[in-house]
Amino acid sequence: MAAALAVVFAIAAVLAHSAVSAVVAATDDETSTAARNFTIASPPSPTTTGPVTYVFGDSMSDVGNNNYFPMSLAKSNYPWYGIDYPNREATGRFTNGKTIGDYMAEKFGVPPPPPFLSLRMTGKDVLGGVNFASGGAGILNETGIYFVQYLSFDEQISSFEIVKKAMIAKIGKEAAEAAVNAALFQIGLGSNDYINNFLQPFMADGTTYTHDQFIRLLITTLDRQLKRLYGLGARKVAFNGLAPLGCIPSQRVRSTDGKCLSNVNDYALQFNAAAKKLLDGLNAKLPGAQMGLAGCYSVVMELIQHPDKNGFTTAHTSCCNVDTEVGGLCLPNTRPCSDRSAFVFWDAYHTSDAANKVIADRLWADMMSAGQGGASAPPRVGASSPAAAPSPSPSEDY
């Protein structure tokens, strides 16, 4: 389940409270000793400021970055998106309401981090959390190229580097470093590397690599990217494992019997196992690293296999009935289902607002059951311009 994410959230909640207090003090007085002397606070109460969070990811986490790209083909800033968001506003979130991250932020009592491209990069807006996620992004730089404009993971990391430089200019190097060390880095990537890359016949990776080689390519690239984030100060990282991709509507319609594609689900499980091994290895090698895999696979599969137990009626198709449409999005000319809360999937790729709430509730429950104990131990669970990832050797261990 999501035990790793629970532990990382708990760690971040404790440490970030001290860091946030020091950052505010440093903003008022850059020479303040509070900006230099950080102590571990007691476990936060429900009224305590939650962790500063930096979000990296794809359309499951995008809260509007792609709105700022005039040529992007990965956008959702139009009806019917946002129909269940406050004021029925289409913000650029790829769902009918809130994302999982939005609901988690509510539980911490903090606003969801704003999109990076909306920041003015002046004042205190660089001292809080930031969302760098961009629809279409993947671990590999070639993933999503046919969306024209988007932020790849490497570009998202470069964007974080810009934010950190602005933090240093605002509060000084020591305070900025301490704040970043205490923050939670939430990363959700990999789905597009399969759905919009490896599984697409017109993309080279699917014909160039076997699946074992492709996983090695992904893990080799992710290893470099996580080390780069570590070098920029990231210590507490929650990496979201892949969901059962073979069960999303856009994949399910490819099967002959309407069931989930077992081979695609197997790909996701194999990637998750390789990602966990990578994270465990980084924890052992990098001082202070606390990186965990948030195993969302079983959580989402539970909603798909037993929708009725979770308040849903439909998990095999999308609310907008766009499973076979090019793009698979709920365009203005589509007709959403009458009861949006009854569907696990909003469009052919993304979970609904109702499903996102259930998933967030599960993550929060796991965090509460994990408690605040053992926060000092690493979590345990079952380049400014993008550079081309090295091709892996078939015999390379991952």
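Along each chain, the written sequence defines residue order, and numbers are assigned to residues from 1. Given that this is a predicted model, residues contribute local features only at a pLDDT of at least 70 and side-chain atom pairs are listed and counted only at 80 or more, while totals for whole chains, interfaces and linings are drawn from all residues. Note: side-chain values were computed over all heavy atoms of the structure, leaving out hydrogens and water.

## Considering the state of the cysteines
Each disulfide consists of a covalent bond between the sulfur atoms of two cysteine residues. Only a pair of cysteine sulfur atoms within 2.5 Å qualifies as a disulfide here. In total, this model carries 3 disulfides according to the counting rule given. Each disulfide pairs two cysteine sulfurs, and for Cys319 the partner residue is Cys337, the sulfurs being separated by 2.1 Å. Residues Cys319 and Cys337 share a disulfide whose torsion about the S-S bond is about -100 degrees; that sign makes it left-handed. In this pair, Cys319 sits in the loop between strand E6 (314-318) and strand E7 (343-345) while Cys337 sits in the loop between E6 and E7, placing the two residues 18 residues apart along the sequence. A single burial state applies to Cys319 and to Cys337, both of which are buried. A run of H or I in DSSP becomes a helix once it reaches four residues, and a run of E becomes a strand once it reaches two; helices and strands are each numbered from the N terminus. For each residue, the accessible area found with a 1.4 Å probe, counting protein chains only, is set against the maximum for its type, and the residue is called buried under 20%, exposed over 50%, and partly exposed in between.

## A closer look at the packing of aromatic side chains
Each Phe, Tyr or Trp ring (for Trp, its six-membered ring) is paired with any other whose centre lies within 6.5 Å, and the angle between the two planes then decides the class: stacked below 30 degrees, edge-to-face above 60, tilted in between. Under the counting rule described, the total for this entry stands at 22 aromatic pairs. With a centroid separation of 6.1 Å and 80 degrees between ring planes, the pair formed by Tyr194 and Phe198 is classed as edge-to-face. Of this pair, Tyr194 and Phe198 both sit in helix H5 (residues 191-198), 4 residues apart, which is roughly one turn of that helix. Owing to a relative accessible area of 10%, Phe198 belongs among the buried residues under this scheme.

## Quick look at the pairing of strand E1 (residues 53-57)
Among the 5 residues of E1, 5 are classified as buried, and the element is accordingly described as predominantly covered. Neither face of E1 is exposed, since Thr53, Val55 and Gly57 on one face and Tyr54 and Phe56 on the opposite face are all buried. Judged from the 5 bridges that link them, E1 and strand E3 (residues 184-188) form a sheet pairing that is parallel. Each residue of the ladder has a partner; that of Phe56, found in E3, is Ile187. Bridge count for E1 against strand E2 (residues 130-131) is 2 bridges, and the pairing is parallel. Residue Tyr54 lies in a different strand from E2, and its bridge partner there is Val130. For a crossover, the right-handed case is the one in which the path from the first strand over the helix to the second runs clockwise, viewed with the strands pointing away from the viewer. As for the winding sense of the linkage, the β-α-β connection from E1 through helix H2 (residues 100-108) to E2 is right-handed. For two strands to pair, DSSP has to find at least two bridges joining them.

## Observations regarding the sheet that holds strand E5 (residues 290-294)
Strands sit in the order E2-E1-E3-E4-E5 across an open sheet of 5 strands; the sheet is parallel. Lying at the two open borders of the sheet, with one neighbouring strand each, are E2 and E5. Here 4 bridges tie E3 to strand E4 (residues 236-240), and the two strands are oriented parallel to one another. Bridging across to E4, Gln186 finds its partner in Ala238. It only takes one pair of heavy atoms within 4.5 Å for two residues to be counted as in contact. Fitting a line to C-alpha atoms yields each axis, with helices limited to the stretch in contact; the angle taken between N-to-C directions then spans 0 to 180 degrees. Contacting E1, E3, E4 and E5, helix H7 (residues 211-231) crosses the sheet at an angle of about 160 degrees to E3. In the packing of helix H9 (residues 262-285) onto the sheet, contacts are made with E4 and E5, and the angle to E5 comes to roughly 165 degrees.

## So, the confidence of the model for the protein
Residues of the protein with pLDDT of at least 70 account for 80%, and the chain-wide mean is 84. Every residue in residues 372-398 is under pLDDT 50, and counting partners more than four places away or in other chains gives 60 contacts. Confidence per residue, as judged by the predictor, is encoded in pLDDT with a range of 0 to 100.

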